Amino acid sequence: EEKRQLMEQGFASWKRADFQAFVRGCEQYGRNDIVNITSMVPGKTVEEVKRYSDVFWAKYKTIKEYDKYTKQIEKGEQRMRRTEEMMDALKKKVKRCKQPMIDLRFQYGPNRGKTFTEDE
């Protein structure tokens, strides 16, 4: 009886694939974007993922190899911050130009043999 109650309180319906999808969702969208993380975990509701997330972040240090998972998530969050910084810098640069499509010149890196036209 006690085991059944504990299973109901826990996450018995969560499989390893759900855990991995949760970690990938945290990596891709950041640990606080529960709605988008839920889109990565098939068959789970926003409420289920929110509850799982709360417990995960409260007890993640009890997970075997937790540092591997937290580093993966933090690396993804760092990529998100870097992308946001680049987008902000680009917006500022475009805002300074009266005619950005004419005034701005972009230097493209090596294209490994592919030739781009001006329209691309």
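That block above? That's the structure.
Residues numbered from 1 in each chain as written. Predicted model: local features only at pLDDT ≥ 70, side-chain atom pairs only at ≥ 80, totals over all residues. Heavy atoms only, no water.

Asks: Explain the overall build of the chain residue by residue, including any values.
Replies: Counting secondary structure elements, the chain contains six helices and zero strands. For the chain, the sequential pattern of α-helices and β-strands runs α-α-α-α-α-α. Evaluated residue by residue, the chain yields a buried proportion of 22% over its 120 residues. For the chain, the accessible surface area stands at approximately 10,100 Å², while carbon and sulfur atoms represent 52% of it. (Helix = DSSP H or I, 4+ residues; strand = E, 2+ residues; numbered from the N terminus. Buried < 20%, exposed > 50% of the residue type's maximum accessible area, 1.4 Å probe, protein only. Areas by Shrake-Rupley, 256 points an atom, 1.4 Å probe, with all protein chains shown as cover.)

Asks: Provide a residue-level description of the nonpolar core, including the pertinent values.
Replies: The biggest cluster of nonpolar side chains holds 15 residues, and the ones touching the most others in it are Phe22 and Val49. Only helix H2 (16-29), helix H3 (34-40), helix H4 (46-59) and helix H5 (66-95) provide two or more residues apiece to this core. It is H2 that contributes the most residues to this core, five residues altogether. Ignoring anything within four residues of it in the chain, the contact list for Phe22 reads Trp14, Ile37, Val41, Val49, Tyr52, Ser53, Phe56 and Trp57. (Core = buried A, V, L, I, M, F, W, Y, C linked by side-chain atoms within 4.5 Å. Contact = heavy atoms within 4.5 Å.)

Asks: Quick rundown of the pattern of salt bridges? Include the residues and the values.
Replies: Applying the stated rule across the entire model yields six salt bridges. As a salt-bridge pair, Asp18 and Lys44 come within 3.8 Å of each other at their nearest N and O atoms. Linking Asp18 in helix H2 with Lys44 in the loop between H3 and H4, this pair joins segments that are 26 residues apart in sequence. According to the relative accessible area criterion, Asp18 is buried, its value standing at 10%. Residue Lys44 is classed as buried on the basis of its relative accessible area of 13%. (Salt bridge = Lys/Arg side-chain N within 4 Å of Asp/Glu carboxyl O.)

Asks: Break down H2 for me, with residues and values.
Replies: Spanning 14 residues, H2 covers 20 Å between terminal C-alpha atoms, matching the ideal 20 Å at 1.5 Å per step. The complete set of buried residues in H2 reads Asp18, Phe19, Ala21, Phe22, Val23, Gly25, Cys26 and Glu27. (Expected span 1.5 Å × (residues − 1).)

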